[in-house]
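Structure at a glance
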Protein chains: 2
Amino acid sequence: MLNLLPSEPRAALTHLLRWSLLASAVALLAGAASALFLFLLQRATALHGQHPWLVWLLPLAGFAVGWIYLRIGSQVEAGNNLLLDEIRDPRATIPLRMAPLVLGATVVSHLFGASVGREGTAVQMGGALADQLAHRLGLAAEERRLLLMTGISAGFASVFGTPMAGAVFGLEVLSIGCINYAAMLPCLIAALLADQTGLLLGIHHTHYAVAWIPPLSAWTICATMIAGVLFGLTAMLFARATHAAGAAMKRWIAYPPLRPLCGGLLIALAAYCLPVQAYLGLGLPTIMAAFQQMLPPWDFFGKMIFTILSLGSGFKGGEVTPLFYIGATLGNALAPVLHLPFSFLAGLGFVAVFAGAANTPLASALMAMELFGAEIGIYALLACVVSYACSGHTGIYRAQRVGQAKFST
Amino acid sequence: MLNLLPSEPRAALTHLLRWSLLASAVALLAGAASALFLFLLQRATALHGQHPWLVWLLPLAGFAVGWIYLRIGSQVEAGNNLLLDEIRDPRATIPLRMAPLVLGATVVSHLFGASVGREGTAVQMGGALADQLAHRLGLAAEERRLLLMTGISAGFASVFGTPMAGAVFGLEVLSIGCINYAAMLPCLIAALLADQTGLLLGIHHTHYAVAWIPPLSAWTICATMIAGVLFGLTAMLFARATHAAGAAMKRWIAYPPLRPLCGGLLIALAAYCLPVQAYLGLGLPTIMAAFQQMLPPWDFFGKMIFTILSLGSGFKGGEVTPLFYIGATLGNALAPVLHLPFSFLAGLGFVAVFAGAANTPLASALMAMELFGAEIGIYALLACVVSYACSGHTGIYRAQRVGQAKFST
């Protein structure tokens, strides 16, 4: 038997032990950072809820954040894209300041009512902390790449409470159309332990319940595919419009801190003139409501406008929770047209718009099973894969490269 | 909005419609073939159960199958490996005879008590039928590759009743360490519809119940990783020993039909001298028992010996159901050592030995959720990824290439 088991298993066990330790360290750092972030985020969201007039300070807050990033954050301004670029083409250690800057800036975004998410923050904190660790341990370039990927997985997993989705997200986000398994074990350990660290530190994640999952039939399969197409086109529209808004802001306004000031002003004015409170901030109550009752069919579009404006003008945070919101409300709105239960379609939209926008269909389908149970799995995978196929080759992360075209044209 | 949605979505929708039709056609063919196969398999297994003396005819049956393959099946003898080679490097249409030959040969294996599986048969029938379709439709090489992959997914999904695992298996099985998403949508549609076709034609799949899944803790995570290492080493041992047995048979016995004759004789003699009835054939009752009661700790080893002998001497079928058996009984045997429930460890072993031997960790983890529910997901993914990391770079499919090393050495 020993002849059949030569040096290969020994190398595998060394790899397993080494990366269990390294990934655990990243998990502790990223999980604790996510716990602090979610705690502050909850306080900021609650404060904004009690004092809606805070939105009038959004332009000033945007200016302050823009000014701070201009003075001390220009190296880390690219955020998630910087992480992806460093993983693909390692150059210099990511400055540790990325973590506190994005944490502070995101909490400010939410306190004053910008419509942004949180995965960007968690992923950037995880990545920056992992890279500091790689630097201090003197890891070689290849191992540094893996450790950065574990930071992404750990951040994602702990902020959403979805370790399987976090593990696969760290692999899928690098390029469109292919994944590489070399980092799978480290990313999974980091994701699992970061989530557990967050839970131990008192994180509570929102619970969404899909009331009823219809049995498979010709119609439910067709309807899921039709919904998947719409989710994918929405994802494409969102990604392109966010990039277009950012480019236009840069063209029109030369001094960076003025961009979020203008964006904040527009958001504040809109919030004054229109009943759009539900589109500001993270929007968890509306996401939950999309699983519980019928909502106005324009909610997904309203959230999209406010998020494009917030992100395009330079507010910090992330895209993913707004994408959950857009997807869940769009799914909810499609229920009467597709003759399917609204909470079921809200669940599909929740993950599938994200799948198309981030080009992460497997992570998204795993997330659906982690959040809503295994029974939705095959529908979620179908919706996510169709959305991915229809969302084009430009996602929300500009640094993501096309590894493999989605289809031959 | 139309400016934001140029030709790309149109191309995506064309791709979606075209591949929905093509994949549906493959699904109908592969699903019907799997249904016929499972029906015959059930009859053969029942007959063998009523007449255990049939094992004395196993040498003759092996000779007959070997002779038929020698006379008319030499082009398709390579089985699954031929499919993988054709997908990687398309040369000639796979002869349609692959389907009836492997179907008949597998049913004969089971009727007379060889220890083989069934995924090879389903996958080869799916692949051969898909390639006939590609040939008749005059598809170009690239589309033919995709259609062959849909055949693999459709066969796998319909024979096990696990569409998500089938879809991802078709992507993962080609190379070790990386997957490519170009075939994801076609494979998923084919897997989903082939499974539904099988169900409509009356297929019933065995139901395995994991009685209790322990909550995550430091110990359950460590124990799952330890079990994953053992599952991976077992997978490596199985793959290497099967290849070694096949090579030795070829070295010792020049005339191919004599190999299964000798293998069959050894199996029949062992069945006469020892109480090894449970190691013959598919072994579903023992797999089920591994979820319901403690079993002798040597069961996994006994099944391994009989399967290595059966496959190594040239009986047709597949490796996967024996791997489920080996994994479930090994997990069952580990329960007292690891202080975890035996049905839980049986479920992990069921998928994780397969994950290591076939190098398909994502498909295997999805299968765990499809069979045992979402709650086992994170444990199953961990066990499968650890098993995959520890199982070396030689799996059960020799035509599988290393796309990306599992770890740097």
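Look a little higher up for the structure.
Residues numbered from 1 in each chain as written. Chains lettered and ligands numbered in written order. Predicted model: local features only at pLDDT ≥ 70, side-chain atom pairs only at ≥ 80, totals over all residues. Heavy atoms only, no water.

What to know about the overall build of chain A
Along chain A, the regular secondary structure elements total 16 helices and three strands. Against the 2.2 N^0.38 benchmark of 22 Å for 409 residues, chain A shows a C-alpha radius of gyration of 21 Å, consistent with a compact globule. Dimensions along the principal axes, computed over C-alpha positions, put chain A at roughly 75 × 60 × 45 Å. Across the 409 residues that make up chain A, the buried fraction comes to 65%. A separation of at least 24 residues holds for 80% of the contacts in chain A among residues at least 6 apart in sequence. (Helix = DSSP H or I, 4+ residues; strand = E, 2+ residues; numbered from the N terminus. Rg over C-alpha atoms; globule rule 2.2 N^0.38 Å. Buried < 20%, exposed > 50% of the residue type's maximum accessible area, 1.4 Å probe, protein only. Contact = heavy atoms within 4.5 Å.)

A look at the pattern of salt bridges
Pairing is possible between side chains that carry opposite charge, provided their charged atoms lie close to one another. Residue and element names in this part refer to chain A. Throughout the structure, instances matching the rule amount to 18 salt bridges over all chains. With its nearest N and O atoms 3.7 Å apart, the salt bridge here joins Asp 85 to Arg 401. You can see Asp 85 sitting in helix H3 (residues 80–88) and its partner Arg 401 sitting in strand S3 (residues 401–402), a full 316 residues away along the chain. Residue classification places Arg 401 among the partly exposed positions, given a relative accessible area of 43%. (Salt bridge = Lys/Arg side-chain N within 4 Å of Asp/Glu carboxyl O.)

Here we look at the packing of aromatic side chains
Here the distance between the centres and the angle between the planes together describe a pair of aromatic rings. Using the criterion set out here, one finds 38 aromatic pairs over all chains in the structure. Between A:Phe156 and A:Phe160 the ring centres are 4.9 Å apart and the planes differ by 65 degrees, which places this aromatic pair in the edge-to-face class. With A:Phe156 and A:Phe160 both in helix H6 (residues 141–160) and four residues apart, this pair spans about one turn of that helix. In this structure, A:Phe156 and A:Phe160 share a single accessibility class: buried. Joined through ring pairs, the aromatic side chains of A:Phe156, A:Phe160, A:Phe169, A:Tyr208, A:Phe291, A:Phe324, A:Phe350, A:Phe354, A:Phe372 and A:Tyr397 make up one cluster. Directly above the aromatic system of B:Tyr325 lies the positively charged group of B:Lys303, at a separation of 4.6 Å from the ring centroid. (Phe/Tyr/Trp six-rings, centres within 6.5 Å; stacked < 30°, edge-to-face > 60°. Lys NZ or Arg CZ within 6 Å of the ring centre and 35° of its normal.)

Topic: helix H5 (residues 119–137) of chain B
Each full turn of the α-helix corresponds to 3.6 residues, which orients residues three or four apart in the same direction. Residues and elements named next belong to chain B. Between its first and last C-alpha, H5 extends 27 Å over 19 residues, near the 27 Å set by a 1.5 Å rise per residue. Within H5, 16 of the 19 residues are buried, which leaves it mostly tucked inside the rest of the structure. Remark: Gly 138 follows H5 within two positions and exhibits a positive phi of approximately 65 degrees. (Expected span 1.5 Å × (residues − 1).)

Thoughts on the nonpolar core
Counting 321 residues, the largest nonpolar core has A:Phe350 and B:Phe350 as its most contacted members. Discounting residues that sit within four places of it in the chain, A:Phe350 has contacts with A:Tyr208, A:Ile287, A:Phe291, A:Leu323, A:Phe324, A:Gly327, A:Ala328, A:Met367, A:Leu371 and A:Phe372. (Core = buried A, V, L, I, M, F, W, Y, C linked by side-chain atoms within 4.5 Å.)

Here we look at the state of the cysteines
All names here are of chain A. Within this structure, the stated rule accounts for zero disulfides over all chains. A disulfide-free cysteine, Cys 187 has its sulfur positioned 15 Å from the sulfur of Cys 178, the nearest such atom. A disulfide-free cysteine, Cys 222 has its sulfur positioned 14 Å from the sulfur of Cys 390, the nearest such atom. (Disulfide = S-S within 2.5 Å.)

A word on the environment of B:Gln132
Residues and elements named next belong to chain B. Here Gln 132 shows up in helix H5. It is 36 Å that separates the C-alpha atoms of Gln 132 and Gly 49, two residues lying 83 residues apart in sequence. Once residues within four sequence positions are removed from consideration, Gln 132 is found in contact with Thr 93, Ile 94, Pro 95 and Leu 96.

Digging into the relation of the copies chain B and chain A
Note on the copies: chain B fits chain A at an RMSD of 0.0 Å, the axial shift is 0.0 Å, and the rotation between them is 180 degrees. Such a combination of rotation and displacement between the chain copies is what one expects of a two-fold axis. Considering only C-alpha atoms, the residue of chain B closest to the rotation axis is B:Ala374, which sits at 2.2 Å. Here 100% of the interface residues in chain B have copies in chain A that are interface residues too; the copies meet face to matching face. (Least-squares fit on C-alpha atoms with pLDDT ≥ 70 in both.)

Focus on the packing of helix H9 (residues 218–252) of chain B against helix H12 (residues 299–312) of chain B
Residue and element names in this part refer to chain B. Packing of H9 against H12 leaves a shortest axis separation of 8 Å and a crossing angle of 35 degrees. In the crossing of H9 with H12, the sense of the turn from one axis to the other is right-handed. Residues Thr 234, Leu 237, Phe 238, Ala 241, Thr 242, Ala 245, Gly 246 and Met 249 of H9 pack against Phe 300, Met 304, Thr 307, Ile 308, Leu 311 and Gly 312 of H12. Tallied by class, residues from the contact of H9 with H12 come to nine nonpolar, five polar and no charged. (Axes fitted to C-alpha atoms, helices over the stretch in contact; angles between N-to-C directions. Left-handed = near helix turned anticlockwise from the far one by under 90°. Nonpolar A, V, L, I, M, F, W, Y, C, P; charged D, E, K, R; others polar.)

Examining the environment of A:Val351
Residues and elements named next belong to chain A. Secondary-structure assignment places Val 351 in helix H14 (residues 342–358). Since its relative accessible area comes to 0%, Val 351 is described here as buried. Distance from Val 351 to Tyr 325, taken between C-alpha atoms, is 9.8 Å for residues 26 residues apart in sequence.

Some details on the side chain of B:Thr360
Residue and element names in this part refer to chain B. Structurally, Thr 360 is set in the loop between helix H14 (342–358) and helix H15 (361–372). Classification of Thr 360 as buried rests on a relative accessible area of 0%. The contacts of Thr 360, once residues within four sequence positions are left out, are Phe 169, Glu 172, Val 173, Phe 354 and Ala 355.

Re the interface of chain B and chain A
Contact residues are listed per partner, giving 59 residues for chain B and 59 residues for chain A. Both faces combined, the contact of chain B with chain A buries some 5,400 Å², and carbon together with sulfur accounts for 80% of it. We note a salt bridge from B:Glu8 to A:Arg240, for which the minimum N-O separation is 2.4 Å. Seen at the junction of chain B and chain A, the total is eleven residue pairs in polar contact (both at pLDDT 80 or more). With nine residues, helix H16 (residues 377–390) of chain B is the single largest residue contributor to the side of chain B that touches chain A. Across the side of chain B that touches chain A, the residue classes tally to 44 nonpolar, eleven polar and four charged. The pairing of strand S2 (residues 178–180) of chain A with strand S2 (residues 178–180) of chain B spans three bridges and is classified as antiparallel. Residue pairing for S2(B): A:Cys178 is matched across the bridge by B:Asn180. (Buried area = accessible area lost by both parts, 1.4 Å probe. Polar contact = N/O pair within 3.5 Å; in protein donor to acceptor, adjacent residues only side chain to side chain. Pairing = 2+ DSSP bridges.)

Looking at the environment of A:Leu101
All names here are of chain A. With respect to the element layout, Leu 101 can be found in helix H4 (residues 98–112). Residue Leu 101 is classed as buried on the basis of its relative accessible area of 12%. Distance from Leu 101 to Gly 73, taken between C-alpha atoms, is 7.4 Å for residues 28 residues apart in sequence. Apart from the residues within four sequence positions on either side, Leu 101 is in contact with Ile 68, Tyr 69, Ile 72, Gly 73 and Val 76.

Examining a nonpolar patch on the surface
Residue and element names in this part refer to chain A. A cluster of nonpolar side chains, contributed by Trp 53, Trp 56, Leu 57, Leu 60, Leu 265, Leu 269 and Tyr 272, occupies part of the molecular surface with about 770 Å² of accessible area. For the nonpolar patch, the leading source of residues is helix H10 (residues 258–273), giving three residues. Topologically, Trp 53 is positioned in the loop between helix H1 (7–50) and helix H2 (58–72). (Patch = residues over 30% accessible without salt bridge, like charges linked within 9 Å, V, L, I, M, F, W, Y side chains within 5 Å. Areas by Shrake-Rupley, 256 points an atom, 1.4 Å probe, with all protein chains shown as cover.)

Quick word on empty space enclosed by the protein
Going through the model one piece at a time under the given rule, you end up with five cavities of 30 Å³ or more. Its boundaries defined by the atoms lining it, the largest cavity holds a volume of some 70 Å³. Every residue lining the largest cavity is listed: A:Met164, A:Leu362, A:Ala365, A:Leu366, A:Leu381, B:Leu362, B:Ala365, B:Leu366, B:Met369 and B:Leu381. Mapped by element, the contributors of at least two residues to the lining of the largest cavity are helix H15 (361–372) of chain A together with H15 of chain B. Partitioned by chemical class, the residues of the lining of the largest cavity number ten nonpolar, no polar and no charged. (1 Å grid on protein atoms, 1.4 Å probe; cavity = no way out; pocket = protein on both sides within 12 Å on 5 of 7 lines; lining within 4 Å. Points joined across faces, edges and corners; volume = space filled by probe spheres on them.)

In short, the description is geometric, and any link to function would need to be established separately.
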